[in-house]
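Given next are the chains, with one letter for each unit.
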Amino acid sequence: MKRIIYLLLIATSSLGGCATCYQLATPVADMARSGLINDPKQVSRLEKAMTDGDIAKLLDVNVAAKLPTGVAVAKIKSHCSGYQPYLATIDADELQEWEKIIGNQAHISGVCPVTSLTMGGHGVTLHTLRTAAARMNCELLLVYLQADSSVNNFNDAAVLYWTVIGLWTIPGDVIEHETVMQAVLVDCRTGMILGTATGDAHRKRLCPAAFVDIRQTELADKVPAEALADLQTGVGKLLKRVVETAVASK
């Protein structure tokens, strides 16, 4: 209601148009700079891999994972104030999707989500995540970082909000949401990063002012899900190549 009153004040004070053009900030999901990895050589190689544009890229192909094994999966997010990564919860639907992608791979026995309980209260670093994975008897660890960005602008039609009914009928708001994800697959025994994968999604929607909160919530659910699906495509290909490399080395 406060937003609607605010829009009415803007519209009635200026009938010459009220379009805005705030830019959508690029979401930053930079695994190399997340603070999780403290080996400068790994950071350097990871930065190079992430700029190659490949859906999935193998890095340390000379490291053969021990198979068969389960895969520990950790979802990481960062606080808005900067890169202070924390362990996020993988919900039931998301876990089910990972099980479809990972559990169907040859020589992979299943998916084990890393939780605060398996972390044992320690800070989030690659080492503590590897330790948590080892506790679950997983030789492989998949860590993925999610970053989101959203913005809301008025278009020229928003000037009609002054009619009051326009707040419910005129699509004068332009809502955007973008999600970016980066993932690394790690050999738990050695700590070597076996490969990388990325995913992203971006959507824009027009709506009347009265429905902005609802549409923002919808995009905040839908766009990350699409980015995750994109990421999982790359992870599936990456994991298949890692398994093939490990089998061939025997």
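Residues numbered from 1 in each chain as written. Predicted model: local features only at pLDDT ≥ 70, side-chain atom pairs only at ≥ 80, totals over all residues. Heavy atoms only, no water.

**Points about the overall build of the chain**
- Per the secondary structure count, the chain includes 7 helices and 7 strands.
- Taking all 250 residues of the chain together, 47% fall into the buried category.
- The long-range fraction of contacts in the chain, counting pairs at least 24 apart against all pairs at least 6 apart in sequence, stands at 76%.
- Total accessible area computed for the chain in this model is approximately 12,600 Å², and 55% of it derives from carbon and sulfur atoms. (Helix = DSSP H or I, 4+ residues; strand = E, 2+ residues; numbered from the N terminus. Buried < 20%, exposed > 50% of the residue type's maximum accessible area, 1.4 Å probe, protein only. Contact = heavy atoms within 4.5 Å. Areas by Shrake-Rupley, 256 points an atom, 1.4 Å probe, with all protein chains shown as cover.)

**Examining the nonpolar core**
- Ranked by internal contacts, the top residues of the largest apolar core, which has 32 residues, are Val73, Trp98, Ile102, Ile108, Leu142, Tyr144 and Leu231.
- Taken together, the elements giving at least two residues each to this core come down to strand E2 (69-78), helix H3 (92-103), strand E4 (108-113), strand E5 (138-154), strand E6 (173-187), strand E7 (193-207) and helix H7 (212-248).
- By residue number, the principal contributor to this core is H7, which donates 12 residues.
- In this structure, isoleucine 108 is in contact with Leu67, Thr69, Val71, Ile102, Gly103, Leu140, Leu239 and Val243, ignoring residues within four places of it in sequence.
- In terms of nonpolar packing, the next biggest core, distinct from the first, is built from 23 residues, Leu129, Leu141, Val186 and Cys188 among them. (Core = buried A, V, L, I, M, F, W, Y, C linked by side-chain atoms within 4.5 Å.)

**A word on unusual backbone geometry**
- Of note, the phi angle at asparagine 137 is positive, near 60°, even though the residue is not glycine.
- With respect to the secondary-structure elements, asparagine 137 resides in the loop between helix H5 (126-135) and E5.

**Side note on the side chain of threonine 69**
- Mapped onto the secondary structure, threonine 69 falls in strand E2.
- Under the relative-accessibility criterion, threonine 69 is labelled buried at 4%.
- In this structure threonine 69 touches His107, Ile108, Ser109, Gly110, Asn137, Cys138, Glu139 and Leu140, once residues within four positions along its chain are discounted.

**Focus on the pattern of salt bridges**
- Taken as a whole and judged by the stated rule, the model has 6 salt bridges.
- Put simply, lysine 75 and glutamate 94 hold a salt bridge, and the shortest N to O gap is 3.1 Å. Here lysine 75, found in strand E2, pairs with glutamate 94, found in helix H3; they are 19 residues apart in sequence, far enough to count as distant.
- Among the salt bridges present, the one from lysine 100 reaches glutamate 97, with a minimum N-O distance of 3.4 Å. Of the two residues, lysine 100 and glutamate 97 both sit in helix H3, 3 residues apart, roughly one turn of that helix.
- Through salt bridges that share partners, Arg205, Arg215 and Glu218 make up one connected network. (Salt bridge = Lys/Arg side-chain N within 4 Å of Asp/Glu carboxyl O.)

**Some thoughts on the pairing of E7**
- Judged from the 14 bridges that link them, E6 and E7 form a sheet pairing that is antiparallel. Pairing of leucine 185 across the sheet is with glycine 195, part of E7.
- Connecting the antiparallel pair E6 and E7 is a turn made up of 5 residues, with glycine 191 showing a positive phi of about 80°. (Pairing = 2+ DSSP bridges.)

**Concerning the confidence of the model for the chain**
- Across the chain, pLDDT averages 80, with 76% of residues at or above 70.
- Within the model, pLDDT remains below 50 along residues 11-16, and this stretch shows 7 contacts once partners closer than five positions in the same chain are excluded.
- Across residues 54-59, confidence stays below pLDDT 50; counting only partners more than four residues off in sequence or on other chains, it has 31 contacts. (pLDDT = per-residue confidence, 0-100.)

**Description of the packing of aromatic side chains**
- Inspection of every chain in the model, using the stated rule, returns 1 aromatic pair.
- Here tryptophan 98 and tyrosine 144 contribute two aromatic rings whose centre-to-centre distance is 5.2 Å and whose plane-to-plane angle is 55°, an arrangement assigned as tilted. Residue tryptophan 98 is found in helix H3, and its partner tyrosine 144 is found in strand E5; the two are separated by 46 residues along the sequence.
- Given the relative accessible area of 0%, tryptophan 98 is considered buried.
- By relative accessible area, tyrosine 144 is classed as buried at 0%. (Phe/Tyr/Trp six-rings, centres within 6.5 Å; stacked < 30°, edge-to-face > 60°.)

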